[in-house]
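Understanding the architecture of this molecule
So you can see what is in the structure, the chains are spelled out below.
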Amino acid sequence: MKEQLVLLRNRERYEKGEYNPIDAKEYLACDGFAGLKRALKMSSDEIIEEVKKSGLRGRGGAGFPTWKKFSFCSGGDESVKYVVCNADEGEPGTNKDRVLLTVDPCAVFEGMAIAGKAIGSHFGFIYLRAEYAYMRPALLSAIESCRQNNCLGENIFGSGFDFNIELRMGNGAYVCGEETALFESMEGKRGEPRFRPPYPATHGLFGKPTLLNNVETLANLAPIFNKGAEWYSTLGVPGSTGTKLFTVSGNVNRRGVFELPMGVNLKELIFEFCGGVNNGHNLLAVQTGGASGAIINADQVDMSLDIDNVSASGGRLACGTIMVFSDKNCIVDILLNDLEFFVDESCGKCTPCREGGMQMCRRVKKIAVGKGSVEDLRVLDELTEVINNTALCGLGSSSTVPVVSCMKNFKSAFLSHIDGDFCPVCGANGGEA
Amino acid sequence: MINLTIDGVNVIVPEGSTILDAAKAASIKIPTLCYHEDQAVKANCRICVVEVDGRKKLEAACSTPVAEGMEVKTATPRVIRYRRDILELILARHPQDCLNCHRAGNCELRNISDQLGVQKHSPRFIQDNREHEKDTSSPSIVRDPAKCVLCTRCMTTCAEVQSVHVISKENRGYYTNIVTAYNRNLADTACVNCGQCYQVCPTGAIQIHDDTWKIYEAYEQGKDLVVQIAPSVRINVAECLGEAPGTVSTGRIVTALKRLGFKKVLDSNFSADLTIMEEGTELLNRIKNGGTMPMITSCCPAWIKFCETYFPDQLDHLSTCKSPQQMFGALIKTWCADKMGLEASNIYSVSVMPCTAKKFEVQRPEMNDSGYQDVDCSITVQELANMIKVAGIDFKNLPETPFDSPTGLGSGAGLIFGATGGVMEAALRTVYEVVTGKELTKLEFEAVRGFEGIKEASVDLDGTVVRVCIAHGLANARKVMDLVREGKAPYDFIEIMACPGGCIAGGGNAPRTWAKAKARMEAIYEEEKRLPKRKSHENEEVKTCYEEFLKEPNGEKSHHLLHTTYTNRSDLLGRLRNF
């Protein structure tokens, strides 16, 4: 298994200090903005058709076909539209957007401008995670550099098309990665999701049609338009084309952000590419897709990492988070940690997530410390069902994914905690003194 | 029009309707908690979830628009199970002390619990009541955040209808709470005491400050209880006691008050007429002598505090007239006391108001021109209804009793003070006849009536055109005041009422909706037509009062007893900024 560097094509030179990512001239010198130059000559429909041919799907979470999102926003009478780049990378164990924005921010700007041309928008915003505030000066100079080199701003490359990008900071809430909560936050309000419909494609930021895409999705547009959709669609596997940035973390020997073609095998990724579980321990579980992803057991890891396949396992691939746990961890603790995260990050707007999240957390805590009963498992079943089906936004409904998958894939571990059996990792009293 | 099926029933509803609207059309009552018909949809409680054919997850009925051919199921076992779960999740944070809660009778949370039959199931979730202290600092409103269900109706009203933004959310997730800025006491905030948050609260989280005990105490001390009732009270008491909105019960209220031990029951319509005499004269004087224009009404204590807080530089525009409650208060312990043969020092003067802000007004230190506190205690319509209930009075079947004299007569002009535009209409009737010397043939000024947020009209007084403006709801008042501040308000006379709809929809009444407010408004105009006198200056008792006591409007005695001054309260905002 080898990295296939499409998005991170300039990483090596950047790491050696040979490439200055915030200088638009250097990006231009290595074929930068070639995709945009091509897109500027195309009509809106042609651009969307090209994206459709490429088979590109969203890299933020759900893996929604990107061309569809574009087509929802294109057309219409509204003269003001926005392109928003979601750089609120809050999913625990995910660092790909940070790497992309560090190594090649101009590629993201290029993607935004292509998206702007596709939907007829002249304003782009980057919503940057509060924890990435240190990147702000670099991003601002990169934007300025692009403007000075006519890659952004008025009349880009003499095409008559205007596109400006502004930077907006988040304030540290996970929920603001949810698109409508992100809009609320950008509008200066409390970051809480809105109900849908109306959808962002008609009523988004400041009530205007808005196209919101993940950093990685937008970064993919540059190579697609530079080298063509046909070339792009040969990467990866049918249904999940292209390459994917995977953030591998946890108990493996090799951790980091890697760019691999879609459809690689998870088992090979962990045991060959990343050198297996560290300290000679055995694999206990893998969580794909961040805190809201499914937790699978060691017998299930022989799977292809493409969007549909991972969805079928109950998880989500798209943000590319692979968190590996060795058998020196207690699975109930891992789940509890997830739920504590969700309790902390729920915005508190809707009842199921606000109240139900805490109830789930307390039940799991009870089990973790060896005081649980079968009744707790039953209530957890009910809670996950109601929260998943009635929560207002994706944060609430997907907070049940780790619970459901964990209870299914590690049933015996839960039962032994309930029975008061000795837990090999945390001891009979759940690790509590 | 859109065709859809709800629980097998075909319904046709206009485009843009929600599933909740369509369900109503199909005679299905979907339980709701955060939804309020006067407010924008919030969709945060999730109680109203329904199944929509073809969709994996459930949808909130309040926020989901209908679509052609949609098939909705509102009462499958799955839907009911989820609704119960959501309700039980709310109840797991809610104190289980309904017996001690003032909302026991009309609590929406309890009604939903009844509807869903949760009491038949053992609680499955870990009980963890919200622990927050009660805030009793305000003379008008008591906040009990422990009972809050975070529907956000109150903060929506405070922000959008009244534009004062006193309460909003703090913290997030499980620890979300509705608080004042920096968790300060309500009394120390820019809260205008209007009580509109109480009007929309579905539970006991916001209550009216209960002052009825003061009355019982005064009664036991052998004080002479004298009470005045505001114009809109006669429209609203019956509704609080279970009758239809808009049921007029003037005579029954007098009977009930007498049975409750009040020696004299007087009508604030009288002092409303008096207000018109004073305020109308003041307006004419300002026009004649080049006083500060436009002149703005001062009947509404919530509006006054709003103006003192946000527009302290514009206080000169306010009429110096006290509100009818306070004018009456000053007269009850002076002229009326003599006429009624009571000792002023032994009078305990009570007012029944549709208003929570009046409780603040009676405490203002300048309101003691009679030599005593002018009005000792102000209670709301809700509190009076409670007193009637506690006393076991069968209100529905009470005989009628007339008001006591000498101040038991009010004109129709006084009565319509209760609706937005009423003060203006009453003033115009009098000012017209005073200025022109002619009799007004058509008494109804339709242009100043109705629920439009800001109303404008021009009235021709024999060549002199008076331009008037009426605003209700403080967000609307703010718009008008911004114009006044800029010197761009093209008006001579402005009426402002804090509560949307006017006093008939005031904070002290039964919980509001626009539909109820409309019924109350229609009742007030209907009742007005029946009154023998419909102009303030024709009120015989007002004439007597001037002849015997006050001498002339805006005269020396009037100025002493019936007019007041205002205070700059912008420090309430300044303290916020410098905290």
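Here's a quick rundown of the structure. If you're wondering where the values come from, they're calculated on a predicted model, not measured in any experiment. (Residues numbered from 1 in each chain as written. Chains lettered and ligands numbered in written order. Predicted model: local features only at pLDDT ≥ 70, side-chain atom pairs only at ≥ 80, totals over all residues. Heavy atoms only, no water.)

This model, assessed by the stated rule, comprises 19 aromatic pairs over all chains. Look at Phe33 of chain A and Phe157 of chain A: their rings are 5.9 Å apart centre to centre, the planes differ by 65 degrees, and that puts the pair in the edge-to-face class. One end of the pair, Phe33 of chain A, is in the loop between helix H2 (24–29) and helix H3 (34–40); the other, Phe157 of chain A, is in the loop between helix H8 (136–148) and strand S3 (164–169), and 124 residues separate them in sequence. Take Phe33 of chain A: its relative accessible area is 0%, and that puts it in the buried class. Ring plane angle 70 degrees and centroid distance 5.5 Å describe the contact between Phe341 of chain A and Phe342 of chain A, whose orientation is recorded as edge-to-face. In this structure, Phe341 of chain A and Phe342 of chain A share a single accessibility class: buried. The ring of Tyr174 of chain B carries the charged tip of Arg93 of chain B above its face, separated from the ring centre by 3.7 Å. The ring of Trp514 of chain B is capped by Arg512 of chain B, whose NZ or CZ atom sits 4.6 Å from the centre of that ring. (Phe/Tyr/Trp six-rings, centres within 6.5 Å; stacked < 30°, edge-to-face > 60°. Helix = DSSP H or I, 4+ residues; strand = E, 2+ residues; numbered from the N terminus. Buried < 20%, exposed > 50% of the residue type's maximum accessible area, 1.4 Å probe, protein only. Lys NZ or Arg CZ within 6 Å of the ring centre and 35° of its normal.)

Here we take up the nonpolar core. Most often, soluble globular proteins keep nonpolar side chains buried together rather than apart. Core analysis: the biggest nonpolar cluster contains 107 residues, and Ile215, Leu257, Phe262, Trp303 and Leu384 of chain B have the highest contact counts within it. Sort the elements by how many residues they give to this core and helix H15 (residues 422–436) of chain B lands first, with seven residues. Contacts of Phe262 of chain B, omitting those with residues within four sequence positions, involve Ile215, Leu225, Val226, Val227, Leu257 and Val350 of chain B. Residues Phe183, Val343 and Ile367 of chain A together with Tyr82 of chain B belong to the second largest nonpolar core, which totals 81 residues. (Core = buried A, V, L, I, M, F, W, Y, C linked by side-chain atoms within 4.5 Å. Contact = heavy atoms within 4.5 Å.)

With that settled, consider the environment of Arg110 of chain B. All names here are of chain B. As for its position among the elements, Arg110 is in helix H3 (residues 108–116). When the C-alpha atoms of Arg110 and Leu331 are compared, they prove to be 45 Å apart, with 221 residues separating the residues in sequence. When near neighbours in sequence (up to four residues on either side) are disregarded, Arg110 contacts Cys98 and Ala104.

Attention now moves to the sheet that holds strand S14 (residues 377–380) of chain B. Strands pair in a sheet through their backbones, by hydrogen bonds, and they do so in one of two ways: parallel or antiparallel. Residue and element names in this part refer to chain B. Taken in spatial order, the four strands line up as S11-S10-S13-S14 in an open sheet, and their pairing is parallel. Among the strands making up the open sheet, the edge pair consists of strand S11 (264–267) and S14. Sheet twist, expressed as the mean angle between neighbouring strand axes with direction ignored, is 25 degrees. Packed onto the sheet, helix H8 (residues 250–259) meets strand S10 (224–229) and S11 and runs at close to 150 degrees relative to S11. Sheet contacts for helix H13 (residues 381–390): strand S13 (347–353) and S14; angle to S14, the most-contacted strand, approximately 85 degrees. (Pairing = 2+ DSSP bridges. Axes fitted to C-alpha atoms, helices over the stretch in contact; angles between N-to-C directions.)

All names here are of chain B. Tallied over the full model, the rule gives 73 salt bridges over all chains. Note that Glu51 and Arg78 form a salt bridge whose closest N and O atoms lie 3.0 Å from each other. On the criterion of sequence distance, the pair formed by Glu51 in strand S3 (residues 49–52) and Arg78 in helix H2 (residues 77–91) is long-range, its members being 27 residues apart. Glu51 sits in the partly exposed class, given a relative accessible area of 22%. Relative accessible area serves as the criterion here: at 22%, Arg78 is assigned to the partly exposed category. In this structure, Glu239 engages Arg520 in a salt bridge whose closest nitrogen and oxygen atoms are separated by 2.8 Å. Taken together, the residues span a long stretch of sequence, with Glu239 in helix H7 (residues 233–240) and Arg520 in helix H17 (residues 514–530) at a distance of 281 residues. Look at the salt bridges and you will find they share partners, linking Glu425, Arg429, Lys442, Glu444, Arg449, Glu528 and Arg534 into a network. (Salt bridge = Lys/Arg side-chain N within 4 Å of Asp/Glu carboxyl O.)

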